[in-house]
Amino acid sequence: MSLVLEGFLNTVALTLLSFAGALVVGLVVAVLRIVPVPLLRGVGTAYVEVWRNIPLLAWLVLFVFGLPEVGVTMPLFWTAFTAIALYEAAFVAEALRSGVRSVASGQGEAARALGLTVQQSLRHVILPQAGRRVVQPLANIAIALTMATALAGVVGVVDMTRAAQRINLELAQPLLVFTGAGLCYLVMAAGIGFGARVLERRLA
Amino acid sequence: MFDAPGPRFRRRVFWVSVVSAVVLAGLVALGLRQFAANGQLDPVRWRPYLTWPVWRYLLNGLWSTVVAACATGVLAMAGGLLLALRPNRFTRAYAEVMRTVPVLLLVYVMLFVLPSFGVNLPLFWKLVVPLALSHAASYVVIFRAGVESVDPGQREAGLSLGMPDGVVTRFVVLPQAVRHMTPLLVTQAVSLLKDTSLGYVVSYTELLFNGRVLANYNGLLIQTFIVVAFVYLVVNLALSRLSHRLEARRARTAR
């Protein structure tokens, strides 16, 4: 039973921490992709393209087995956290960027025409509108991230999916065990969806 | 949103560029030093990746990856189309559930659950079936969004011209829907190709699994997986480029 708890808690912790990390890194990358400095834009674009186009499992394998080879050792959980957070950050950055771009350019122009500075029009006109539009895509990323944490099980973190597999070896009640694990993911996704709706209503 | 840059602004951009170039170079140097200090930059450790047998092995893996991705794509699209054409409570629940349950869990069901019920598929299908089940749900969403993105006036116009319903769907709505969906379909293809890396778990000899076998054989962990990651990057970038090109064409022709 403690295995169930350990798996569940690890999945929840990994999801929450990686999402927080992905938000921070993703925000930085999104800013890099928007600033009017060509070099920084290039860096932002390269980041997104490289992370998004290589499977998360390949990143996890590279981080977990590769990093010790170059003298970087971290506990397994934190290595998995780093890989997942950096991977999802690429998607977060894209969501944030398209959120800003989805605000009609007329809005920005109107603010500028009224004499607001760039900072003011960003702060009072563009970002509030973008914030609302970004909630749903971010919630989708969070749900995808919940699913993605299962891959950490492949490289050795005892997450819910791996726990389910191990429990099944002992109990030999596959239907019960795997349905239970599936339900846990459903509950987490439902929680994220609910949170997103509340947040969206508050921002509206 | 920004004003045309004046001299002061341009000077600031210049200095920010210089500083960030220095920081960037520093980071790269730091990384390289870390690699070098642990002997990972030794040419001996990279030379195998200039030889044909190694590449032939990896490219064989890539071929299996592509085959699995294509099989999954066909099955998932067929399933997605069937589900999208009949929107009811079951299909909606299916899409919801499949979009929240990790594919890995489905793979484990294939690997550990079904055999105890006497269903033991070949390795290829143990990878493809869970992927197809999961991606079908994504295709349902894409197809539905595609059809809904077509202005209802288009259908009404077709009907008022006296076309039968089937003809309107086939010749008016679907062509426009497909055009709207193409970029999403390519994004989905990238995600599908990435998901075939679960062959690593199933022991299906796709790219990542072959990388693992290779690394176990020659002990060049970092080098192998960097090369494997690079192959994924090149293939998926090519797919994404295709998507951008299609999107640009759509922007030009959409009216």
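Residues numbered from 1 in each chain as written. Chains lettered and ligands numbered in written order. Predicted model: local features only at pLDDT ≥ 70, side-chain atom pairs only at ≥ 80, totals over all residues.

> Could you clarify how one ought to interpret the overall build of chain A in this entry?
Helix and strand counts for chain A stand at 8 helices and 0 strands. When the helices and strands of chain A are listed from N to C terminus, the series reads α-α-α-α-α-α-α-α. Principal-axis analysis of the C-alpha atoms places the extent of chain A at approximately 70 × 45 × 20 Å. The contacts of chain A with a sequence gap of at least 6 include a subset with a gap of at least 24, amounting to 75%. (Helix = DSSP H or I, 4+ residues; strand = E, 2+ residues; numbered from the N terminus. Contact = placed C-beta atoms within 7 Å.)

> I keep staring at the overall build of chain B and nothing clicks. Help me out?
A count of helical and extended segments in chain B gives 11 helices and 0 strands. What you see in chain B, going N to C, is helices and strands ordered as α-α-α-α-α-α-α-α-α-α-α. Relative to the globule expectation of 18 Å for 255 residues, the C-alpha radius of gyration of chain B, 24 Å, shows a markedly less compact shape. Dimensions of chain B, computed from the C-alpha atoms along their principal axes, are close to 75 × 75 × 30 Å. Burial analysis of chain B (255 residues in total) assigns 29% to the buried set. Pairs at least 24 residues apart make up 77% of the contacts formed inside chain B by residues separated by at least 6 positions. (Rg over C-alpha atoms; globule rule 2.2 N^0.38 Å. Buried ≥ 20, exposed ≤ 12 C-beta atoms within 10 Å, placed from the backbone.)

> It is not clear to me how the interface of chain B and chain A should be interpreted in this structure. Could you clarify?
In many reports, interface size means the accessible area that the parts give up when they come together. Across the boundary between the two partners, chain B contributes 41 residues, which contact 39 residues of chain A. Put simply, the parts of the chain that give the side of chain B that touches chain A at least two residues each are helix 1 (7–37), helix 5 (103–113), helix 8 (165–195), helix 9 (199–202) and helix 11 (221–253) of chain B. A total of 10 residues in the side of chain B that touches chain A trace back to one element, the largest contributor, which is helix 11 of chain B.

> What exactly am I supposed to notice about the UniProt feature "transmembrane region" (unreviewed entry) in chain B here?
Residue and element names in this part refer to chain B. Under the local residue numbering, the UniProt record ascribes the feature "transmembrane region" (unreviewed entry) to residues 12–37, 57–85, 97–117 and 220–239. Along residues 57–85 the backbone is 100% helical and 0% strand, and the end-to-end C-alpha distance reaches 42 Å. The distance separating the terminal C-alpha atoms of residues 220–239 is 29 Å; by composition the span is 95% helix and 0% strand. (UniProt positions renumbered as here; feature names shortened; annotations may be inferred.)

> Hey, could you run me through the domain arrangement of chain B in this one?
Domains assigned within chain B are domain 1 (1–37) and domain 2 (51–253). Relative to domain 2 of chain B, the C-alpha centre of domain 1 of chain B lies at a distance of 38 Å. (Domains from an automatic or database assignment.)

> Any chance you could explain the packing of helix 7 (residues 160–171) of chain A against helix 5 of chain B here in plain terms?
Packed helix pairs are specified by the crossing angle of their axes together with the interaxial distance, meaning the distance between the axes. Two numbers describe how helix 7 of chain A lies on helix 5 of chain B: the axes approach to 10 Å, and their chain directions differ by 15°. As judged from the angle between their axes, helix 7 of chain A and helix 5 of chain B are roughly parallel. The handedness of the crossing between helix 7 of chain A and helix 5 of chain B is right-handed. From helix 7 of chain A, Thr161(A), Gln165(A) and Asn168(A) reach across to helix 5 of chain B, where they touch Leu104(B), Leu105(B), Tyr108(B) and Phe112(B). Split by residue class, the contact of helix 7 of chain A with helix 5 of chain B holds 4 nonpolar, 3 polar and no charged. (Axes fitted to C-alpha atoms, helices over the stretch in contact; angles between N-to-C directions. Parallel < 35°, antiparallel > 145°, perpendicular 65-115°, else oblique. Left-handed = near helix turned anticlockwise from the far one by under 90°. Nonpolar A, V, L, I, M, F, W, Y, C, P; charged D, E, K, R; others polar.)

> I keep staring at the UniProt feature "domain: ABC transmembrane type-1" (unreviewed entry) in chain B and nothing clicks. Help me out?
As annotated in UniProt, the feature "domain: ABC transmembrane type-1" (unreviewed entry) corresponds to residues 58–243 of chain B in the numbering used here. Counting secondary structure, residues 58–243 of chain B comes out at 83% helix and 0% strand; the distance between its end C-alpha atoms is 26 Å.

> Would you explain the environment of Val67(B) in this entry?
On the secondary structure map, Val67(B) appears in helix 3 (residues 52–85). The class of Val67(B) is partly exposed, set by 14 C-beta atoms lying within 10 Å.

> Please clarify how unusual backbone geometry should be interpreted in this entry.
A negative phi holds for most residues other than glycine; trans holds for most peptide bonds. Residue and element names in this part refer to chain B. At serine 203, a residue that is not glycine, the phi angle is positive and equals roughly 70°. Relative to the elements of secondary structure, serine 203 occurs in the loop between helix 9 and helix 10 (207–218). Residue class for serine 203 comes out partly exposed when judged on the 14 C-beta atoms lying within 10 Å of it.

> Could you clarify how one ought to interpret the UniProt feature "transmembrane region" (unreviewed entry) in chain A in this entry?
Following the UniProt record, the feature "transmembrane region" (unreviewed entry) maps to residues 12–32, 53–70, 76–96, 138–158 and 178–199 of chain A here. Secondary structure across residues 138–158 of chain A divides into 52% helix and 0% strand, with the first and last C-alpha atoms of the span separated by 26 Å.

> Sorry, what's going on with the nonpolar core here?
Side chains of a nonpolar character, in soluble globular proteins, are inclined to be buried together. Counting 110 residues, the largest nonpolar core has Leu57(A), Ala58(A), Leu60(A) and Ile84(A) as its most contacted members. With 15 residues, the single largest contributor to this core is helix 4 (residues 76–102) of chain A. Dropping the residues within four chain positions of it, Ala58(A) is found in contact with Ser197(B), Leu208(B), Phe225(B), Val228(B), Ala229(B) and Tyr232(B). (Core = buried A, V, L, I, M, F, W, Y, C linked by C-beta atoms within 7 Å.)

> Got a minute to help me understand the environment of Val118(A) in this structure?
All names here are of chain A. Tracing the sequence through the fold places valine 118 in helix 6 (residues 118–148). Assessed through the 14 C-beta atoms surrounding it within 10 Å, valine 118 is described here as partly exposed. Residues valine 118 and glycine 108, spaced 10 residues apart in sequence, show a C-alpha to C-alpha distance of 8.7 Å.

> Would you take a moment to explain helix 4 of chain A for this structure?
Helical geometry: 3.6 residues make up each α-helical turn, so side chains three or four residues apart lie on a common side. All names here are of chain A. End to end, helix 4 covers 39 Å across 27 residues, agreeing with the expected 39 Å (1.5 Å per residue, within 8%). Maximal helix bending in helix 4 amounts to about 25°, located at alanine 89. Of all 27 residues in helix 4, 19 are buried, a share of seventy percent or more. (Expected span 1.5 Å × (residues − 1). Bend = angle between axes of the 7 residues up to and from the residue.)

> Where do I start with the confidence of the model for chain B in this structure?
Atom-level detail of predicted coordinates should not be read off regions where pLDDT is low. All names here are of chain B. Overall, the prediction assigns chain B a mean pLDDT of 86, with 97% of residues at 70 or greater. Here helix 2 (residues 43–46) is the element of chain B with the lowest mean pLDDT, 82, and helix 3 is the one with the highest, 90. Here the predicted complex scores 0.88 on pTM and 0.86 on ipTM. (pLDDT = per-residue confidence, 0-100.)

> Looking at this structure, I do not really get the environment of Val202(B). What am I missing?
Residues and elements named next belong to chain B. Mapped onto the elements, valine 202 comes out in helix 9. Separated by 98 residues in the primary sequence, valine 202 and leucine 104 have C-alpha atoms spaced 9.9 Å apart. Among residues more than four places away in sequence, those in contact with valine 202 are Val107, Leu111, Leu123, Lys126 and Leu127.

> What is the right way to look at the packing of helix 1 (residues 2–34) of chain A against helix 4 of chain A in this model?
All names here are of chain A. Orientation of helix 1 relative to helix 4, taken along the N-to-C sense of each, is 45°, at an axis distance of 6 Å. Compared by their axis directions, helix 1 and helix 4 come out oblique. Of the two elements, helix 1 crosses helix 4, and the hand of that crossing is right-handed. Taken together, the residues of the contact of helix 1 with helix 4 sort by class into 19 nonpolar, 3 polar and 3 charged.

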